[in-house]
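# Understanding the architecture of this molecule
Residues per chain are reported as follows:
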Amino acid sequence: MLLFKGMRRVKTQLKTPVDLVLIRYSTAATNSSHDQNGRPTTTQVLQLPLVSPPAADSSSASLAKLNSQHLPENHTSWMPSPYTAPGKTLSQYKKLSKFRLTSLVVITTAGGYAMAPAAFDPASFVMCTLGTGLVSAAANAINQYHEVPFDSQMSRTKNRVLVTGQMTPLHAVTFAVVSATAGLSMLYFGTNGLTAALGAGNLFLYTTIYTPLKRISIVNTWIGSVVGAIPPLMGWAGCAGTLDAGAMILAGILYAWQFPHFNALSWNLRPDYSRAGYRMMAVTNPGLCRRTALRYSVAIAGLSVMAPVLDVTNYWFALETLPLNAYFAYLAYKFHEKSDSGTSRKLFRFSLIHLPALMLLFLANKKEWFFGKSASEEKKKESSYLALKQSASSLGNVLPVAVAEEGPR
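What counts and what doesn't
- Residues numbered from 1 in each chain as written.
- Predicted model: local features only at pLDDT ≥ 70, side-chain atom pairs only at ≥ 80, totals over all residues.
- Heavy atoms only, no water.
- Helix = DSSP H or I, 4+ residues; strand = E, 2+ residues; numbered from the N terminus.
- Core = buried A, V, L, I, M, F, W, Y, C linked by side-chain atoms within 4.5 Å.
- Buried < 20%, exposed > 50% of the residue type's maximum accessible area, 1.4 Å probe, protein only.
- Contact = heavy atoms within 4.5 Å.
- Axes fitted to C-alpha atoms, helices over the stretch in contact; angles between N-to-C directions.
- Parallel < 35°, antiparallel > 145°, perpendicular 65-115°, else oblique.
- Left-handed = near helix turned anticlockwise from the far one by under 90°.

### Some remarks on unusual backbone geometry
Phi at Lys98 takes a positive value of approximately 55°, unusual for a residue other than glycine. Residues other than glycine seldom take positive phi values, yet Asp311 does so here, at roughly 65°. Mapped onto the fold, Asp311 is located in the loop between α13 (286–309) and α14 (316–337).

### Quick look at the nonpolar core
One finds Leu96, Ile300, Leu347, Leu358 and Phe362 to be the most contacted residues of the largest nonpolar core, which totals 65 residues. Among the elements that take part in this core, helix α10 (residues 245–267) stands out by supplying 11 residues, more than any other. When neighbours within four sequence positions are excluded, Leu358 is seen to be in contact with Ile253, Ile300, Ser304, Phe317, Thr321, Leu324 and Asn325.

### A closer look at the packing of helix α5 (residues 122–146) against helix α7 (residues 169–190)
Contact pair α5 / α7: the axes reach a minimum separation of 7 Å and the direction vectors enclose 155°. The orientation of α5 with respect to α7, classified from their angle, is roughly antiparallel. For α5 against α7, the interelement crossing comes out left-handed.

### Overview of the side chain of Arg160
Take Arg160: it is sitting in the loop between α6 (148–151) and α7. On the basis of relative accessible area, Arg160 is assigned to the buried category, the value being 19%. Apart from the residues within four sequence positions on either side, Arg160 is in contact with Lys98, Gln144 and Asp151.

Given below as structure tokens:
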């Protein structure tokens, strides 16, 4: 049999299929070398050991011995797919639910609950945040179920549990159904119907519209931003039972924040997104990607100024958030002017600091805290007190006249 190494032919004594496998771990011949006069020296040929194939009636023990003799020590042991590693179920569920992303959703929901003009109820707070987290976990599981063929083509997602076969698709779908059912039940029975409706709508929007739209149009980024803006509305509705202008300020900030955050993240992932066929701004329209990041970073500063105007926070909030938002806009401007891995990473990393800091400033500068009855109940009580006082004063003006008329009799 003849094996080729470069342009030279080297004779080897490969007579069996096992010998062909061994060529991966052995060298058939050395490279030709030359002496000082430029003449080729004699080629050294390494003879591979002749291994006879196991007989048809040989046992598995002889095959294992053969493998141990000729395979390297660091060879890969292939596992059947799908397989479930013992003791790793909880870790796999965390990966399937995108635990860090779900944690961010829960944090923004808790922020919306805390900023609502109503009394803090620990029981409804736990039901609201936990229910929202379960709905988010279900949405992420369904997202991964749909995107297995595309995740396998991206370096960032190729190790996900469904791609690597650590979990069966049926297992993932079952997890999503149970999580969604439990989460929506908590939201409906533990808070109110409005919160549950927002959760169900967000689940539908993420799994049915946003996920397939990622391979169709760059509009998916705007739809995804709407998905990220709904959790603070769920927290607000879970506490107050209604939505007002203050809730829209929180949702608007979350909506705007996702553009500089995601555009900066996607900039360095353009080869992955392009290979998988995802229609992202960073791939199809880099100029729009840069401009959108800058515009919405400036919009966050404008929305922060509107918060005290709408009685969500005090006026110190606008002053305290000014340097934070200004630096965020500055990094977006640097990304707009010179888009490279350095500016995109700086913008992305600061976005992870910017949002939690902004939420903390919201809480520290809340206009009014309600530890008893809600704001609506306090307003009703105040209005009824004023009406009673007004009626009493008018009654006092009438009674003396009546007494004066009855006096002469």
